[in-house]
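Each chain is listed here by its residues.
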Amino acid sequence: MTQHLKHFIAGAAVEASDGRHIDLVDPVTEQLYGSSARGTREDVDRAVAAAHAQLEEGAWSLLDGAQRARLLTRLADLVERDSELLADMDAQAIGRSPMEPRRMDLPNAIAHLRAASGWANQLEGRTIPSGGYFGTKTLSYTVREPVGVVGAIVPWNSPLMITVWKLAALLAAGCTVVIKPSEETPQSALHLAKLAQEAGFPDGVINVVTGYGAEVGRALCEHPNVAKISFTGSPEAGREIQRTAGVLFKRVALELGGKSPQIVFDDAAFEDALFGCSLGLFANQGQVCAAGSRILVQRSIAERFAAALAEAANSVKVGDPRQPDNQMGPVAKKAQFERVNRYIQLGIEQGATLLAGGVSKPERGFFVRPTIFANARNDMTIAREEIFGPVGTVITFDTEEEAIAMANDSTYGLAATVWTSNLTRAHRVAAALKAGAVGVNCWSPLDANLPWGGVKTSGIGREGGFGGALAYTEEKVVTVLLPS
Ligand code: NAD
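Rules and cut-offs
Residues numbered from 1 in each chain as written. Predicted model: local features only at pLDDT ≥ 70, side-chain atom pairs only at ≥ 80, totals over all residues. Heavy atoms only, no water. Helix = DSSP H or I, 4+ residues; strand = E, 2+ residues; numbered from the N terminus. Rg over C-alpha atoms; globule rule 2.2 N^0.38 Å. Buried < 20%, exposed > 50% of the residue type's maximum accessible area, 1.4 Å probe, protein only. Contact = heavy atoms within 4.5 Å. Patch = residues over 30% accessible without salt bridge, like charges linked within 9 Å, V, L, I, M, F, W, Y side chains within 5 Å. Areas by Shrake-Rupley, 256 points an atom, 1.4 Å probe, with all protein chains shown as cover. Salt bridge = Lys/Arg side-chain N within 4 Å of Asp/Glu carboxyl O. Pairing = 2+ DSSP bridges. Near = heavy atom within 4 Å. Polar contact = N/O pair within 3.5 Å; in protein donor to acceptor, adjacent residues only side chain to side chain. Nonpolar A, V, L, I, M, F, W, Y, C, P; charged D, E, K, R; others polar. Phe/Tyr/Trp six-rings, centres within 6.5 Å; stacked < 30°, edge-to-face > 60°. Lys NZ or Arg CZ within 6 Å of the ring centre and 35° of its normal. Disulfide = S-S within 2.5 Å.

J.: I keep staring at the overall build of the protein and nothing clicks. Help me out?
T.: Within the protein, the regular secondary structure consists of 15 helices and 21 strands. Whereas a compact globule of 484 residues would reach a radius of gyration of roughly 23 Å, the protein reaches 24 Å, a difference of no more than 12%. For the protein, the C-alpha atoms occupy an extent of roughly 75 × 60 × 40 Å along the three principal directions. Across the 484 residues that make up the protein, the buried fraction comes to 57%. Within the protein, residue pairs in contact and separated by at least 24 positions form 73% of the contacts whose partners lie at least 6 positions apart.

J.: Is there a simple way to think about a nonpolar patch on the surface in this case?
T.: A contiguous nonpolar patch, built from Leu139, Tyr141, Val480 and Leu482 and spanning about 290 Å² of accessible area, is present on the exposed surface. Val480 gets classed as partly exposed once you look at its relative accessible area, which sits at 32%.

J.: Which parts of the structure should I look at to understand the environment of Trp156?
T.: Position of Trp156 relative to the elements: it lies in the loop between strand S8 (149-153) and helix H5 (159-172). The exposure class assigned to Trp156 is buried, which follows from its relative accessible area of 9%. In the structure, Trp156 is positioned 28 residues away from Glu184 in sequence and 6.3 Å away in space, judged by C-alpha atoms. Residues contacting Trp156, with those up to four places away along its chain left out, are Ile94, Ser182, Glu184, Thr185, Gln287, Ala332, Lys333, Gln336 and Phe388.

J.: So what exactly am I meant to see when it comes to the sheet that holds strand S21 (residues 473-482) here?
T.: Note: strands within a sheet are paired through backbone hydrogen bonds, in either parallel or antiparallel orientation. Spatial ordering of the open sheet is given by S6-S7-S21, a layout of three strands whose pairing is antiparallel. Strand pairing shows two members of the sheet lacking a second neighbour, strand S6 (127-128) and S21, which therefore form its edges. Across two bridges, S6 lies against strand S7 (residues 137-146) in antiparallel orientation. Looking across to S7, one finds that Ile128 is bridged to Ser140.

J.: Sorry if this is basic, but what is going on with the site of the ligand here?
T.: Not every one of the 28 residues close to the ligand is listed here, only the nearest: Val154, Glu183, Ser234, Leu256 and Glu386. Taking Leu256, its main chain carries an N or O atom lying 2.5 Å from a nitrogen atom of the ligand. With respect to the ligand, the side chain of Trp452 contributes an N or O atom lying 3.0 Å from an oxygen atom. At the level of elements, helix H7 (213-222), strand S11 (228-232) and helix H8 (235-248) are the ones that each hand at least two residues to the shell around the ligand. Across the shell around the ligand, the residue classes tally to 14 nonpolar, eight polar and six charged.

J.: Hey, could you run me through the packing of aromatic side chains in this one?
T.: Under the definition given, this model contains six aromatic pairs. Across the ring face of Phe265, the terminal group of Arg425 is positioned such that the distance to the ring centre comes to 4.1 Å.

J.: Honestly, the state of the cysteines in this entry has me stumped. Any pointers?
T.: Two cysteines, two sulfur atoms, one covalent bond between them: this is a disulfide. This structure, assessed with the given rule, holds zero disulfides. Left unpaired, Cys175 is separated from the closest cysteine sulfur, that of Cys221, by 16 Å. The thiol sulfur of Cys289 is not disulfide-bonded, and the nearest other cysteine sulfur, from Cys442, lies at 16 Å. Taking relative accessible area as the criterion, Cys289 reaches 18% and is therefore assigned buried.

J.: Help me understand the pairing of S7, please; the structure alone is not making it clear to me.
T.: Two faces belong to every sheet, and in a regular strand the side chains alternate between them. Bridging between S7 and S21 involves 10 bridges; their strand directions are antiparallel. Paired with Arg144 across the strands is Glu475, a residue of S21.

The values reported here are purely geometric and, on their own, carry no functional implication.
Below is the structure:
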């Protein structure tokens, strides 16, 4: 089936201003299955103008929190109605089994929209005792105002869910948005925008411009009427966005990558830790920002644990994800396939022991075998750089102090997991880890009410929870002179 996807601007499907397009490639067959509009600076101008008009003088600007809450609830209902379709769109675009987004991404996205309907009505200001003004009493209070038009830039690995994390919070706060989906995965964002129209959001509140980061993404970052960039993606692009936004004084939230440790102590429930580590390595073919790809295991169980992980890797059935028997599809695109294989080759060359998988050479499709390295060191490239594929690196440690030092010895700090049956140790280690999120005996729990984001190279800012909505507001203070 071929399809051509256009931008969604001010409530209408719109072709790129110069008529150019981007091919969409099926990662399973490597065949073209459609195309999307290749956005231009002019397209971005049109979309930002629509979003800005709604914010300044449109019907949206007149809605209060309760009315925005109602719209968010309706949108949640419509996403729930179309959840299989949306999950299938994301799955097809990156070659993922549709069962994963059906079970994980869509329920999470719906929960975010429902939680955000509550946040919309809680954006309260404060009354602040103040010292008066040249001897005359004053009353000071604050109000929360939407930050403005948001540029939401999204990666390809969980397109709908990550789009909704941004959308739910910014709509609760009263902002409007231009979404730039990844060039590989524009389908679900476009459908989401149409659902928002059906829910009753005024045209122009939610716009989608498809295209490349260097074109559409950059134009959004440089646009004078975009007040905030909310970006999820690679540190390289994040760095460039931060530079541009810094010069223009835009607000920025950056959700970047990770090299997240899973620390397995010898007192952990072995099978639970094994399941959690496998999930953290192989879910979405390892293309997860929080992937627990650095597996630090205490010496007395290290060999047995690595062997069990290798067995788990070997038992994963890799193949066309549309066949229900297959558990793992290809990685999302050719560049990703080459990148993952390059890292596997490096792991071999640098002396880690290859226990499962290895460099893949499929006849067709971007399939990578689940791969486990053991006897690795924390200074090896496969332990330092984000691979974003189904590759796990097992490193041995002796003491708790050594495990903490190794876990923190990374430029990243997104997530971390501690596997132990010792409650005191769990809290002690969780406190010592430099990461945005720590799971104890569970890998990367995601919940609409929990903040999500990283430290160090993993990013700046948090999405999720009420704080996520507050991040799309500015606090204005009003002081009234009260002469007696
Ligand atoms: P990417 O940085 O290549 O692209 C992400 C998005 O940014 C795409 O829409 C792309 O078109 C756009 N973009 C690229 N360069 C840009 C630029 N100079 N200016 C503006 N926009 C630009 O990343 P990717 O390959 O799509 O995604 C993988 C990365 O995303 C990984 O590093 C992964 O860890 C990270 N990620 C992080 C989280 C998180 O929550 N922290 C979640 C998912 C993915």
